[in-house]
Amino acid sequence: MTAFLLLIRHDLRLALRQGSDAALVLGFFVLAVVLFPLGVGPDFELLTRIAPGVLWVMALLAALLSLDRLFQQDYDDGSLEALALAPLPLELLVLAKCCAHWLTTGLPLVLIAPLLAAALHLDSAGYLPLVGAMALGTPTLSLIGAVGAALALGARRAGVLLSLLVLPLYIPVLIFGVAAVDQAVAGLAIRPHLLMLGAFLAAALPLAPWGAAAALRPALE
Amino acid sequence: MRFPPLSRTSVTSSPPRFSAHDLACQRGDRLIFRGVEFALAAGGALILRGPNGSGKSSLLRVLAGLTPSLRGALRWDGGDIAEDWPAHRARLHFIGHLDPLKAVLTVAEMLAFWSGLRGGSPQAAAKALDRFHLAELADLPCRFLSAGQRRRLSLARLTASPASLWLLDEPTVGLDEASTSDLFAVIGEHRTAGGLVIAATHVTLALEGAQSLPMDAFAPGRTA
């Protein structure tokens, strides 16, 4: 357990010192979302209607953008090898990395989403559901992303491969995440959608580290 | 009907601590070595010799459990290691080609991390810094280290947390003479305390009473 926490702290410290990585992801999210009002024009009704979808798709892409740093750096400098030989099981190592990854990319996205929702004229009834749905959905993005990042490790053009692997798996989160906000705006119950997002997270929490660890082992041979 | 096992002393006076039996390794389609055997008693040292590509690094990776062996077995105190890899990982230090250092972390932070991960105390990490003459660099970010200093920091992991089996891949690369003799001294202390060392190297490592394992003898296509 101490090794688990130590690893999270190590990754957080690294992310903090090389702050540009996390800032880049956040910057991409903000800029990409802000492009929509500029591109679509000041049609408030249209913006309100597409706001949940735009926010979620851009969050997906921003999360995708940050996945390559999950294992690639550690793989290149030999740290991953040394980590794999630590007494900590590889599955827990992946889970620790996912936790740190979410804290440095997913959480900032969740926190800044309401601000961007304002830029997109999201109906005020949708704010809280948006934050709730993203808080439940973004950890799943980190976890699923870890499997893709582990599979793509060492491959040529890993970035492209990674998006092809991971984006299809992100679709369920996207559907229920957007639906939760849409329903809230329409005055309908959002509970079932949040429960589905919670179920995805509950399934990904044990399965993704297990799958990613299985993908890492051959890469370390 | 099971017979009680023969007492060990009746078989051999000093049972091997760590032994390998008929190891073979394949990378891609190529068989790198086969039939590797050795036995080390407590305090033993084994030097892997051979030209580039003869499988020294591959053997070390097999011994660390990173690469699975095609066949054969590894034994620790007579027990099959394949039955408990986590216990084996916990008792070994593997120093590979790469120095797993992060440019933005300081020397002290880096060593404290690797040490803490393997259950080493902060005191042990501080002592290891001293032992490898890195104490004055403790607050320097790793990106400012020279190649030799990076290597020394990598090697400092050996003493920053306890492990009885040291697997060293070309440990002296980049080290100056003084650091090399420091390394030998550290290895000597480790062996006196009953630790094991297995090192792959091109240079002559002056390790007293070390066994030597010529890797080209295990190349496929030669009849052993």
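Cut-offs and rules
- Residues numbered from 1 in each chain as written.
- Chains lettered and ligands numbered in written order.
- Predicted model: local features only at pLDDT ≥ 70, side-chain atom pairs only at ≥ 80, totals over all residues.
- Helix = DSSP H or I, 4+ residues; strand = E, 2+ residues; numbered from the N terminus.
- Rg over C-alpha atoms; globule rule 2.2 N^0.38 Å.
- Buried ≥ 20, exposed ≤ 12 C-beta atoms within 10 Å, placed from the backbone.
- Contact = placed C-beta atoms within 7 Å.
- Axes fitted to C-alpha atoms, helices over the stretch in contact; angles between N-to-C directions.
- Parallel < 35°, antiparallel > 145°, perpendicular 65-115°, else oblique.
- Left-handed = near helix turned anticlockwise from the far one by under 90°.
- Domains from an automatic or database assignment.
- Nonpolar A, V, L, I, M, F, W, Y, C, P; charged D, E, K, R; others polar.
- Arc of directions from axis to C-beta.
- Core = buried A, V, L, I, M, F, W, Y, C linked by C-beta atoms within 7 Å.
- Pairing = 2+ DSSP bridges.
- pLDDT = per-residue confidence, 0-100.

Asks: Help me understand the overall build of chain A in this model?
Replies: Within chain A, the regular secondary structure consists of nine helices and zero strands. In sequence order, the secondary structure elements of chain A are arranged as α-α-α-α-α-α-α-α-α. Computed over its C-alpha atoms, the radius of gyration of chain A comes to 18 Å, within 12% of the 17 Å expected for a compact globule of 221 residues. By its C-alpha atoms, chain A is 55 × 35 × 30 Å across when sized along the principal axes. Burial statistics for chain A: of 221 residues in total, 48% are counted as buried. Taking as baseline every contact in chain A between residues at least 6 positions apart, the subset at least 24 positions apart corresponds to 81%.

Asks: How should the packing of helix α4 (residues 107-117) of chain B against helix α5 (residues 122-131) of chain B be read in this particular structure?
Replies: Residues and elements named next belong to chain B. At their nearest, the axes of α4 and α5 sit 9 Å apart, and the two run at 130° to each other. By the angle between their axes, α4 is oblique relative to α5. For the element pair α4 and α5, the recorded crossing hand is right-handed. Between α4 and α5, the contacting residues are A108, L111, A112 and S115 on the first element and P122, A124, A125, A128 and L129 on the second.

Asks: Where do I start with the domain arrangement of chain B in this structure?
Replies: Accessible area lost upon the coming together of the parts serves often as the stated size of an interface. Residue and element names in this part refer to chain B. If you check the domain split of chain B, you get domain 1 (17-91 + 164-224) and domain 2 (104-162). Tallying the contact residues gives 10 residues for domain 1 and nine residues for domain 2. When residues of the side of domain 1 that touches domain 2 are assigned to their parent elements, the largest contribution, four residues, is made by helix α7 (residues 177-192). Here the residues of the side of domain 1 that touches domain 2 sort into six nonpolar, two polar and two charged.

Asks: Explain the environment of A32 of chain A here, please?
Replies: All names here are of chain A. Mapped onto the elements of the fold, A32 is located in helix α2 (residues 20-40). You can call A32 partly exposed: it has 17 C-beta atoms within 10 Å. Linking A32 and G211, residues 179 residues apart in sequence, is a C-alpha distance of 31 Å. Leaving out residues up to four positions away in the same chain, A32 has contacts with M58 and L61.

Asks: What is the right way to read α5 of chain B from this model?
Replies: Note that an α-helix has 3.6 residues per turn; residues three or four places apart therefore point the same way. Residues and elements named next belong to chain B. By the burial criterion, the buried members of α5 are A125, A128 and L129. One side of α5 carries all its buried residues, which in axial view fall inside an arc of 105°. The inward-facing, buried residues of α5 abut α4 and α6 (147-160). Count one or two residues on from α5 and you reach H133, which has phi positive near 55°.

Asks: When you look at the nonpolar core in this model, what are you seeing that I'm missing?
Replies: The tendency in soluble globular proteins is for nonpolar side chains to be buried side by side. Ranked by internal contacts, the top residues of the largest apolar core, which has 132 residues, are L55, A59 and A146 of chain A together with L111, A156 and L167 of chain B. Considering every element that reaches this core, the biggest residue donor is helix α6 (residues 90-119) of chain A, with 14 residues. Split by domain, this core shows at least three residues from each of two domains, domain 1 (17-91 + 164-224) and domain 2 (104-162) of chain B. Discounting chain neighbours no more than four positions away, the residues touching L55 of chain A are V33, A113, L116, A117, L120 and L130 of chain A.

Asks: Would you take a moment to explain the pairing of strand β4 (residues 73-76) of chain B for this structure?
Replies: Walk down a regular strand and you will see the side chains alternate between the two sheet faces. Residue and element names in this part refer to chain B. Sheet topology places strand β1 (residues 18-27) next to β4; four bridges connect them, and they run antiparallel. Paired with H21 across the strands is A73, a residue of β4. Note: β4 against strand β5 (residues 79-80), two bridges, orientation antiparallel. Each bridged residue has a counterpart across the sheet, and for W76 the counterpart in β5 is G79.

Asks: Whenever I open this one, the interface of chain A and chain B confuses me. Can you help?
Replies: With 17 residues of chain A at the interface, the matching set in chain B holds 19 residues. Mapped by element, the contributors of at least two residues to the side of chain A that touches chain B are α1 (2-17) and α5 (79-84) of chain A. The leading source of residues in the side of chain A that touches chain B is α1 of chain A, at five residues. The residue inventory of the side of chain A that touches chain B, partitioned by class, reads nine nonpolar, four polar and four charged.

Asks: Explanation requested: unusual backbone geometry in the structure shown.
Replies: Working note: non-glycine residues mostly have negative phi, and peptide bonds are mostly trans. Even without a glycine there, the phi angle at H121 of chain A is positive, about 60°. Note on placement: H121 of chain A falls in the loop between α6 and α7 (127-152).

Asks: Would you explain the sheet that holds strand β7 (residues 165-169) of chain B in this entry?
Replies: Backbone hydrogen bonds hold the strands of a sheet together, and the pairing may be parallel or antiparallel. Residue and element names in this part refer to chain B. Spatially, five strands are ordered β6-β7-β8-β3-β9 in an open sheet, and the strand pairing comes out parallel. The open sheet terminates on both sides in strands that have one partner only, identified here as β6 (92-95) and β9 (211-214). Ignoring strand direction, the axes of neighbouring strands in this sheet form an average angle of 15°. Inspection of the sheet shows strand β3 (residues 45-49) paired to β9 by four bridges, in the parallel sense. What sits directly across from R49, in β9, is P214.

Asks: Before we go on, may I ask you to explain the confidence of the model for chain B in this structure?
Replies: Should the pLDDT be low somewhere, the predicted coordinates at that spot are not to be read in detail. All names here are of chain B. Chain-level statistics for chain B give a pLDDT mean of 86 and a share of 92% at 70 or above. Segment residues 3-12 is flagged for pLDDT under 50; beyond a separation of four residues in sequence, or across chains, it makes two contacts in the model. Across the interface, the model reports ipTM at 0.87; the global pTM reads 0.89.

Asks: Would you take a moment to explain the pairing of β1 of chain B for this structure?
Replies: Residues and elements named next belong to chain B. Strand direction decides the pairing type here: β1 and strand β2 (residues 30-40), joined by seven bridges, are antiparallel. Following the sheet pairing, S19 is matched in β2 by A39. Linking β1 back to β2 in an antiparallel pair, the connection comprises two residues, with G28 at a positive phi of about 65°.

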